[in-house]
Amino acid sequence: MADDPILSVRDLHVSFRTKRGLARVVRGLDYDLHAGETLAIVGESGSGKSVSTLAMTKLIPMPPGQVSGEVWLGDDDLVPLSEKHLLHYRGRRIGYVFQDPMTSLNPVHPIGRQLTEGMRYHLELSDEEIRERAIDLLQKVGIPSPEKRLDDYPHQFSGGMRQRVVIAIGLSCDPEVLVADEATTALDVTTQAQIVELIGRLQDELGMGVIWITHDLGVVAGIADRVLVMYAGQVVEAADVDALYARPRHPYTVGLMRSLPVLGDLERRDLASIPGLPPSPTALPEGCAFHPRCAFRDDDRCATEAPPLRDIGDGHLIRSFYEVPEEIAQEAAAEARIEIEPPDADDVGDAAAEVGSRSGRGGET
Amino acid sequence: MAGYVAKRVAQSLLALLGVSVVVFALIHLVPGDPVRTALGTRFDQELYEVLRARAGLDQPLVVQYFDWLFRALQGDLGVSFRTGQPVTEALMQRLPATALLAVSAVLVGLVIALPAGIISAVRQGKVSDYVANAFSQIGVSIPDFWYGILLILLFAQTLRWLPPFGYTSLLEDPVDGLQRLIMPALTTGVVTGAILTRFVRSSVLEAMNSEHVRFARAKGLPQRHVFRHHVLRNAWNPIVTITGLQLGTLLGGIVVVEVVFAWPGIGRLALTAVERRDYPVLQGAVLLIAAAFLIINLVVDLLYAKLDPRIRSS
Ligand SMILES: Nc1ncnc2c1ncn2[C@@H]1O[C@H](COP(=O)(O)OP(=O)(O)OP(=O)(O)O)[C@@H](O)[C@H]1O
Ligand SMILES: [Mg+2]
């Protein structure tokens with residue numbers, strides 16, 4: 001992966017004007033994404049994971065939102081672009097898959113139409129070609145007999161099947177980057193594994209870069225190449241996945257790993273291992289943003305001086321004056337690491353099985 | 001879909017049957033002898049006998065009910081205690097005026113509410129939103145006859161552009177009919193519009209804030225495409241429902257405006273029937289209003305099913 005990155009984010013800032021003042025939600029984000037690479041962004045709720053990726057194509061409400069910095073997609077910086085120009089990037093060059101397949105799809109339109117409407121704007125294809133492409137995409141994501149399902153409505157699919165449709169939509173215009181924002185969080189464990197496997201396989205096939213957003217450090221181990229750990233709108237630790245799990249350094253990363261449930265021992269979900277709550281983006285603490293909750297801090301410097309993001313070698317970055325002692329860090333990492341077991345062999349088989357339990361999560365529709 | 005239609009039609013018929021029982025019971029809940037009460041000081045033994053027999057009051061209750069129901073099904077709702085006119089005839093004379101006013105008022109209401117509600121949702125928190133909000137607040141809090149009186153003072157009294165009251169059938173004299181329709185339709189329409197504006201606004205807002213709209217934008221679709229196909233299209237369902245309910249309510253409930261404008265509608269007929277204890281007319285009016293409401297509800301539900309695939313297939 002020595003080639004040029006397909007996506008380079010530089011000093012990205014996102015803030016919202018709110019009644020309680022300026023909410024600084026993303027504060028100077030830098031990263032590169034290469035073709036075929038999977039970058040995981042992890043962090044607690046509210047750390048700015050979603051906003052940072054939505055803001056790349058200004059999918060946040062503006063105003064009150066404002067974006068600065070640079071987002072290089074190939075040779076184009078997206079930040080200065082107008083709404084009209086951004087339409088050529090949204091969906092076309094950066095595809096999105098959102099968390100909840102129950103709400104991402106419009107209940108009143110057949111899925112075929114929702115799958116093709118983006119292609120009609122972005123791709124210069126005839127209706128017949130678009131239809132063929134739609135069928136092909138549904139086939140790829142493991143929807144059995146897709147040509148019969150184009151006219152079906154979202155409520156006629158199970159949760160897992162809907163998320164497959166959403167993924168097909170995200171991929172429909174062959175984007176260079178796919179943002180999967182908690183794409184499996186709303187699904188049951190088996191379906192989660194299928195979707196993880198599916199995106200991995202499609203990535204190998206199509207070569208796009210994937211930004212995988214999750215708050216679950218456990219899942220990340222099996223799928224990511226590189227991991228960004230975000231806290232209060234900043235990267236607090238970034239490393240290649242193996243380096244991170246070999247030895248996490250930042251107190252927050254270690255805290256996150258400790259708070260994961262240990263497989264086979266769900267009782268041990270020790271959520272108290274990071275005490276307190278993340279700071280409000282309108283009232284960030286002085287010094288290190290994490291210091292009020294830090295279990296490892298040991299002097300007043302943390303409360304007054306903001307630690308810089310420093311490279312400790314091999315692209316392993318941490319934003320902390322201290323490193324968690326090796327023994328504690330390794331123990332936490334070993335417990336956190338879950339390898340995703342890919343579901344056996346052919347996915348379409350599983351998909352077909354899933355059709356049987358169609359109404360799985362459809363109760364609320 | 002066919003199953004759904006059949007189910008809804010059956011439900012409506014059942015509801016109508018329920019209404020008929022209540023309506024029938026009315027005449028028997030009145031203390032004393034309804035015919036005697038109705039005749040009051042104009043009591044006349046011969047007329048009394050005729051009306052009592054005609055109303056079937058000398059039969060057992062169950063027999064009376066089925067007799068009444070059977071005749072009602074054939075369009076015979078008895079005769080007025082006061083005028084001797086067949087009730088059905090009286091209702092049919094009044095129905096066009098009420099239907100015309102109700103439909104016109106809903107149209108006026110929609111003409112106001114669709115743009116006002118949509119603009120205020122899209123420009124949420126801006127000046128136009130506040131203006132629309134103020135309008136709907138004021139619109140619903142001031143009673144409709146007040147607007148009626150204002151309009152009469154302005155257009156009939158001061159400007160002398162329009163006749164102050166009365167009704168002419170549009171079929172007989174379209175120009176005069178329209179002129180007489182304007183003020184009552186505006187009066188009722190403004191209030192309807194104020195109610196509908198809030199629903200349009202909240203329906204559009206709800207649709208705008210749904211996750212699938214964000215997803216549609218993430219596909220790179222132009223704003224107007226997203227608005228038309230993912231916001232408005234989804235907002236239609238609740239708008240259609242509430243509009244239908246408003247129409248149904250108006251068909252039976254424009255009493256005050258009918259009185260202010262001397263509009264010969266069902267509402268006034270029912271009011272007069274109450275005043276005069278003219279029970280057959282009252283029964284007929286209530287039955288007609290209920291039937292109209294049920295029919296409109298049925299149509300709305302079928303439309304809704306047409307708009308929402310989830311209902312269609314369940
Ligand atoms: N339109 C908005 N106006 C004001 N604040 C906003 C807006 N959208 C998001 N935020 C704030 O931005 C912060 C980051 O939100 P974001 O959705 O990126 O979090 P996240 O890391 O994705 O969390 P989660 O795991 O819950 O999805 C939150 O504090 C949120 O309240
Ligand atoms: Mg999020």
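Quick notes on the rules
- Residues numbered from 1 in each chain as written.
- Chains lettered and ligands numbered in written order.
- Predicted model: local features only at pLDDT ≥ 70, side-chain atom pairs only at ≥ 80, totals over all residues.
- Heavy atoms only, no water.
- Helix = DSSP H or I, 4+ residues; strand = E, 2+ residues; numbered from the N terminus.
- Buried < 20%, exposed > 50% of the residue type's maximum accessible area, 1.4 Å probe, protein only.
- Contact = heavy atoms within 4.5 Å.
- Areas by Shrake-Rupley, 256 points an atom, 1.4 Å probe, with all protein chains shown as cover.
- Lys, Arg positive; Asp, Glu negative; His and termini not counted.
- Charge placed at Lys NZ, Arg CZ, Asp CG, Glu CD.
- Near = heavy atom within 4 Å.
- Nonpolar A, V, L, I, M, F, W, Y, C, P; charged D, E, K, R; others polar.
- Patch = residues over 30% accessible without salt bridge, like charges linked within 9 Å, V, L, I, M, F, W, Y side chains within 5 Å.
- Salt bridge = Lys/Arg side-chain N within 4 Å of Asp/Glu carboxyl O.
- pLDDT = per-residue confidence, 0-100.
- Buried area = accessible area lost by both parts, 1.4 Å probe.
- Polar contact = N/O pair within 3.5 Å; in protein donor to acceptor, adjacent residues only side chain to side chain.
- Pairing = 2+ DSSP bridges.
- Axes fitted to C-alpha atoms, helices over the stretch in contact; angles between N-to-C directions.
- Phe/Tyr/Trp six-rings, centres within 6.5 Å; stacked < 30°, edge-to-face > 60°.
- Lys NZ or Arg CZ within 6 Å of the ring centre and 35° of its normal.
- Core = buried A, V, L, I, M, F, W, Y, C linked by side-chain atoms within 4.5 Å.

Moving on: the overall build of chain B. Helix and strand content of chain B: 14 helices and 0 strands. Ordering the α and β elements of chain B from the N terminus gives α-α-α-α-α-α-α-α-α-α-α-α-α-α. Seen through its C-alpha atoms, chain B measures out along the principal axes to roughly 80 × 55 × 35 Å. By residue count, 46% of the 314 residues in chain B fall in the buried class. If you take every contact in chain B between residues at least 6 apart in sequence, the share linking residues at least 24 apart comes to 72%. For chain B, the accessible surface area stands at approximately 15600 Å², while carbon and sulfur atoms represent 68% of it. Between the averaged position of the 27 positive side-chain charges in chain B and that of its 20 negative side-chain charges there is a distance of 15 Å.

All right, on to the site of ligand 1 then. All names here are of chain A. Around ligand 1, the surrounding shell holds 14 residues, and the nearest of these are S45, G46, K49, S50 and V51. For ligand 1, the protein covers 67% of the area, taking 640 Å² as the surface of the free molecule. For the shell around ligand 1, the elements supplying multiple residues, two or more each, are strand 1 (7-18) and helix 1 (49-54). By residue number, the principal contributor to the shell around ligand 1 is helix 1, which donates 3 residues. Residue classes in the shell around ligand 1 are distributed as 5 nonpolar, 6 polar and 3 charged.

Turning our attention to a nonpolar patch on the surface. Residue and element names in this part refer to chain B. Together, F145, W146, I149, L150, L153 and V256 give the surface a local cluster of nonpolar side chains, amounting to about 520 Å² of exposed area. If you tally residues by element for the nonpolar patch, the top one is helix 7 (residues 144-158), at 5 residues. In this structure, L153 sits in helix 7. Judged by relative accessible area, L153 falls into the partly exposed class, the value being 42%.

Time to look at the confidence of the model for chain A. Residues and elements named next belong to chain A. In this model, chain A carries an average pLDDT of 85, and 88% of its residues clear a pLDDT of 70 or more. Predicted confidence is poor over residues 264-272, with pLDDT under 50, and the contacts of this stretch with residues over four places away or in other chains come to 10 contacts. Confidence over residues 345-365 falls short of pLDDT 50; this stretch has 36 contacts with residues more than four positions distant or in other chains.

With 28 residues of chain A in contact, the opposing surface of chain B contributes 23 residues. Both faces considered, chain A and chain B share a buried interface measuring about 2500 Å² in area, 58% of it formed by carbon and sulfur atoms. Connecting chain A to chain B are 2 salt bridges. Summed over the shared surface of chain A and chain B, the result is 12 residue pairs in polar contact (both at pLDDT 80 or more). The set of elements that each furnish at least two residues to the side of chain A that touches chain B consists of strand 6 (94-97), helix 3 (101-104), helix 4 (111-122) and helix 6 (159-171) of chain A. Here the element with the most residues in the side of chain A that touches chain B is helix 4 of chain A; it accounts for 6 residues. Considered class by class, the residues forming the side of chain A that touches chain B number 13 nonpolar, 10 polar and 5 charged.

This next bit is on the environment of D278(B). Residues and elements named next belong to chain B. For D278, the position within the fold is in the loop between helix 12 (266-275) and helix 13 (279-307). The class of D278 is buried, set by a relative accessible area of 5%. As a C-alpha pair, D278 and V35 span 243 residues in sequence and 8.6 Å in three-dimensional space. The residues contacting D278, other than those within four sequence positions of it, are S80, F81, R82 and A273.

Let us look at the sheet that holds strand 9 (residues 226-231) of chain A. All names here are of chain A. Here we have 8 strands laid out as an open sheet, ordered 6-7-8-3-9-10-12-11, and mixed in their pairing. Looking at which strands have only one partner, the edges of the open sheet turn out to be strand 6 and strand 11 (310-311). Where strand 11 and strand 12 (residues 317-318) come together, 2 bridges link them in antiparallel fashion. Residue pairing across strands places D311 opposite L317, the latter belonging to strand 12. Together, strand 6 and strand 7 (177-181) form the strand contacts of helix 6, whose direction differs from that of strand 6 by roughly 170°.

Let us look at the packing of aromatic side chains. Across all of its chains, the model carries 11 aromatic pairs over all chains by this definition. Here the aromatic rings of F98(A) and F215(B) are separated by 5.7 Å at their centres, their planes lie at 65°, and the arrangement is edge-to-face. You can see F98(A) sitting in the loop between strand 6 and helix 3 and its partner F215(B) sitting in helix 9 (residues 211-218), one on each of two chains. Three or more aromatic residues joined by ring pairs make a cluster, and in this case those are F24(B), Y65(B), F66(B) and W68(B). Lying across the ring of F157(A), R149(A) places its NZ or CZ 3.9 Å from the centre.

On to the pairing of strand 9 of chain A. Residues and elements named next belong to chain A. Burial analysis of strand 9 places 6 of its 6 residues in the buried class, the great majority of the element. Burial along strand 9 is two-sided: the face carrying R226, L228 and M230 and the face carrying V227, V229 and Y231 are both buried. Here 6 bridges tie strand 9 to strand 10 (residues 234-240), and the two strands are oriented antiparallel to one another. Directly across from M230, in strand 10, lies its bridge partner V235. Turn length for the strand 9-strand 10 hairpin, with the two strands adjacent in sequence and antiparallel, is 2 residues, and the turn residue A232 shows positive phi of about 50°.

Turning our attention to the sheet that holds strand 2 (residues 21-33) of chain A. Residues and elements named next belong to chain A. With antiparallel pairing, the 4 strands of this open sheet are ordered in space as 2-1-4-5. Looking at which strands have only one partner, the edges of the open sheet turn out to be strand 2 and strand 5 (76-77). As judged from the 10 bridges shared by strand 1 and strand 2, these two strands associate in the antiparallel manner. Along strand 2, the bridge assignment pairs S15 with R24.

Below, the discussion takes up the nonpolar core. L7(A), Y31(A), M56(A), Y96(A), I167(A), V177(A) and I211(A) are the most contacted members of the largest nonpolar core, which totals 77 residues. A per-element tally of this core places helix 6 of chain A first, with 7 residues. Excluding anything up to four places from it in sequence, Y96(A) contacts T53(A), L54(A), M56(A), T57(A), L59(A), G170(A), L178(A), V179(A), F215(B) and A218(B). One finds V227(A), Y231(A), A239(A) and L256(A) within the second-largest nonpolar core, a separate group that totals 29 residues.

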